[in-house]
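Read off the chains here:
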Amino acid sequence: MSPPTNRKYPPIAGYELGSVIAGGGFSCVFRATNAELRSSAACKVVLITPQTTPQQRKELEKEIKVHSILKHANVLEFMAASVVEENGKTRWVPGYYMLMELAAGGDLFDKIAPEVGIDHDMAQHYFNQLISGLSFIHGQGICHRDLKPENLLLSGAGVLKVADFGLCAVWRHKGQERKLAERCGSLPYVAPELSLPDPYRAEPVDVWGAGVVLFTLLFGSTPWDEPTTHSPEFASYVTGEILRQDPWNRINGDALDLLLGILTIDPTKRLNITQIRAHPWCNRSSQVPQLGPTALAQRLTRGLQMNGDMALAEPEMPAEDVDMDEEDDGFAMGGAKSQFTQSLMLFSQTQSGMKYTPNLTRFYASISPSQLLTLIAQFLISIGQQVSEDVHEDKRTSGVSIMVRGKDTRGLVMAGWVEVEEFSREGTRGSRCVFRRDKGNPLSWRLLWKTVVNSPTVEPFVLKRR
Ligand SMILES: Nc1ncnc2c1ncn2[C@@H]1O[C@H](COP(=O)(O)OP(=O)(O)O)[C@@H](O)[C@H]1O
Ligand SMILES: [Mg+2]
């Protein structure tokens, strides 16, 4: 999303917008920095255009209003909001601007190996943080309604932050519970009662979403396409047959009991948050809460180390070699440059300086950016992905990028950008390629990235850790 001609993004609460972190479609999230405070943040921008409807405005205003009152260790902190209207004269880009704490660790699920997941202690650690955030949100009379991997982020210290209140709803007002009627959320995470026509209770819907997230943490994939009998997996879940199949047949007693308790089809019999918090699986003793930031990052990315993804993301620079004192752009990373984010290798040396990239879906190649981008585009088209025809050039980094759009194995839209810039280090010249996600599940995005890296035309040029 580049600003329309002659217009600039406004500073929000003294924070200037910088590089794009994610998005680019309906919304775009920028890194933002405040020179005076020497701190960094993130700013979500939704443009106001002649096509913006009153309904969309109402929803954005609700997102701002609700998110700004939710203050909790496991909820992304909302800092300030600003709305710039089109009045013909403004020099700013019209839009809704939401300034938030920077989730410097990026997407939680970007760090998890698809089809593998994370170990039970790590899953318990992050699931308990999710439930703690959710319990707080529900206590404020709010429900999230869009719990899914792409809305669970990590702070610079590796703490889970629930983000994106775009679909939230007030379920308790002045002490009175009200049922909800809107059908929303994406199918793999949505609770089965939403396929019925009746109004539904709010809290059990979020509990179901958290259950799907728990399964995804444990196995690196969602359990079904949708909670209806159109999905063969869900149909076999309903009959219980699925429990004899992989990966369900690998789940042990307590974990299975918890999953089945949460993913109970009848919302009146589904576990509630209090029961979840008291469940033995959530209370198993574990060393994870005592791990230091480096060990936590290592443990989280164990699957990516085993499958070789980490070695592709940072081929030349193992974590120990990163100079802790080196600053990115002066002060700008504030708390972002932590031992946790350093161990995740989110900082790397590029042609244009030390660069912070929250996604690990990147690799290096021995050919020029334009050659690499051409090979990637040809391959993506050959596997049925849509690729934008025009190549976007970024003058600041002399990088080139294209847009990709397609569907994942669950039938969900996934989209993003493939950005390539020149790279030269220790006598090696070539390209640095980042897959930056806009829409879709980070696990599916990672699978697409890996398919490209392993493709017969790209793979011969990929630089791997020696
Ligand atoms: N505060 C933040 N810090 C870092 N990344 C963020 C932040 N907020 C959002 N993102 C990234 O941007 C993506 C989209 O943000 P989100 O609020 O979920 O918008 P949308 O309503 O478009 O889904 C997230 O999935 C995440 O990758
Ligand atoms: Mg989102």
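As annotated in an unreviewed UniProt entry, the chain carries the name non-specific serine/threonine protein kinase and is attributed to Dacryopinax primogenitus.

Things to note about the overall build of the chain
Across its full length, the chain carries 12 helices and 21 strands. Computed over C-alpha atoms, the radius of gyration of the chain comes to 22 Å, within 12% of the 23 Å expected from 2.2 N^0.38 for 466 residues, which places it in the range of a compact globule. Projecting the C-alpha coordinates of the chain onto the three principal axes gives extents of approximately 60 × 55 × 45 Å. Residue burial in the chain is summarised as follows: out of 466 residues, 44% are buried. In the chain, the share of contacts with a sequence separation of at least 24, taken over all contacts with a separation of at least 6, comes to 67%.

As for the packing of helix α2 (residues 120-139) against helix α3 (residues 202-219)
Between two packed helices, both the angle of their axes relative to each other and the distance between the axes serve to describe the pair. For the pair α2 and α3, the least separation of the axes is 10 Å and the interaxial angle reads 165 degrees. Our classification of the angle between α2 and α3 gives roughly antiparallel. α2 and α3 meet at a crossing whose hand is right-handed. For the pair formed by α2 and α3, the contact residues are Ala123, Tyr126, Phe127, Leu130, Ile131, Leu134 and His138 on the first element and Glu203, Asp206, Ala210, Val213, Leu214, Leu217 and Leu218 on the second.

Quick look at the sheet that holds strand β9 (residues 160-162)
Note on sheets: strands pair through backbone hydrogen bonds, and any given pair is parallel or antiparallel. Strand order in the open sheet made by the 3 strands is β6-β8-β9, with antiparallel pairing throughout. A strand with exactly one partner marks an edge of an open sheet, and here the two such strands are β6 (106-107) and β9. Across 3 bridges, the pairing between strand β8 (residues 152-154) and β9 is antiparallel. The residue bridging leucine 154 from the neighbouring strand is leucine 160, located in β9.

Some thoughts on the confidence of the model for the chain
Parts of the model with low pLDDT should not have their predicted coordinates read in detail. When pLDDT is averaged across the chain, the result is 92; 94% of the residues are at 70 or more. Confidence drops under a pLDDT of 50 for residues 317-330, and excluding neighbours within four residues, the segment shows 15 contacts in the predicted structure.

Quick look at the environment of glutamate 422
Looking at the secondary structure, you find glutamate 422 in strand β19 (residues 413-425). For glutamate 422, a count of 18 C-beta atoms within 10 Å puts it in the partly exposed group. Not counting residues up to four positions away in its chain, the partners in contact with glutamate 422 are Gln351, Pro369, Ser398 and Ser431.

Description of the site of ligand 1
Residues in close proximity to ligand 1 total 20 residues, the closest being Ala22, Ser27, Ala42, Ala103 and Asp164. Residues that form the shell around ligand 1 fall into these classes: 11 nonpolar, 4 polar and 5 charged. Here the shell around ligand 1 gathers at least three residues from each of two domains, domain 1 (16-100) and domain 2 (106-288).

Quick notes on the sheet that holds strand β4 (residues 78-84)
Here 5 strands make up an open sheet; going across it, the order is β1-β2-β3-β5-β4 and the pairing antiparallel. If you trace the sheet from one side to the other, it starts and ends with β1 (16-23) and β4, each paired once. Within the sheet, the average angular offset between the axes of one strand and its neighbour, ignoring direction, is 25 degrees. Taken together, the 5 bridges between β1 and strand β2 (residues 28-34) define a ladder with antiparallel strand orientation. Bridged to alanine 22 within β2 is valine 29. Contacting β3 (39-47), β4 and β5 (95-100), helix α1 (residues 54-69) runs over the sheet at an angle of about 155 degrees to β4.

Digging into unusual backbone geometry
In this structure, the amide linkage connecting aspartate 246 to the following residue, proline 247, adopts the cis form with an omega of 0 degrees. Relative to the elements of secondary structure, proline 247 occurs in the loop between α4 (232-239) and α5 (253-262). For alanine 13, which is not a glycine, the phi torsion comes out positive at approximately 50 degrees. The phi torsion at arginine 38 lies on the positive side, around 50 degrees, for a residue other than glycine. Mapped onto the elements, arginine 38 comes out in the loop between β2 and β3. Judged by the 11 C-beta atoms lying within 10 Å of it, arginine 38 is exposed.

A few points about α1
For α1, which comprises 16 residues, the first-to-last C-alpha distance of 23 Å matches the rise-based estimate of 22 Å (1.5 Å per residue) to within 8%. Buried residues of α1: Leu60, Glu63, Val66 and His67, and no others. For α1, the angular spread of the buried residues around the axis is 140 degrees, confining them to a single face. Exposed side chains of α1 directed beyond 90 degrees from the buried face belong to Pro54, Lys58 and Ile69. Buried residues belonging to α1 abut β3, β4, β5 and β7 (142-143).

With respect to the pairing of strand β20 (residues 428-439)
Burial within β20 is extensive, with 9 of its 12 residues counted as buried. Of the strand pairs in this sheet, strand β15 (residues 362-365) and β20 are connected by 4 bridges, and their pairing is antiparallel. Looking across to β20, one finds that tyrosine 364 is bridged to arginine 432. The pairing of β19 with β20 spans 11 bridges and is classified as antiparallel. Among the inter-strand pairings, phenylalanine 423 is bridged to a residue of β20, identified as glycine 430.

Observations concerning the domain arrangement of the chain
Assigned domains within the chain: domain 1 (16-100), domain 2 (106-288) and domain 3 (308-463). The gap between the C-alpha centroids of domain 1 and domain 2 is 27 Å. Opposite the 11 residues of domain 1 that make contact, domain 2 presents 17 residues. Classifying every residue of the side of domain 1 that touches domain 2 gives 6 nonpolar, 3 polar and 2 charged.

Regarding the nonpolar core
Counting residues in each nonpolar core, the largest one holds 118 residues, and the members touching the most others are Ala42, Cys43, Leu99 and Leu130. No other element matches the 12 residues that α3 contributes to this core.

The rules behind each value
Residues numbered from 1 in each chain as written. Chains lettered and ligands numbered in written order. Predicted model: local features only at pLDDT ≥ 70, side-chain atom pairs only at ≥ 80, totals over all residues. Helix = DSSP H or I, 4+ residues; strand = E, 2+ residues; numbered from the N terminus. Rg over C-alpha atoms; globule rule 2.2 N^0.38 Å. Buried ≥ 20, exposed ≤ 12 C-beta atoms within 10 Å, placed from the backbone. Contact = placed C-beta atoms within 7 Å. Axes fitted to C-alpha atoms, helices over the stretch in contact; angles between N-to-C directions. Parallel < 35°, antiparallel > 145°, perpendicular 65-115°, else oblique. Left-handed = near helix turned anticlockwise from the far one by under 90°. Pairing = 2+ DSSP bridges. pLDDT = per-residue confidence, 0-100. Near = placed C-beta within 6 Å. Nonpolar A, V, L, I, M, F, W, Y, C, P; charged D, E, K, R; others polar. Domains from an automatic or database assignment. Expected span 1.5 Å × (residues − 1). Arc of directions from axis to C-beta. Core = buried A, V, L, I, M, F, W, Y, C linked by C-beta atoms within 7 Å.

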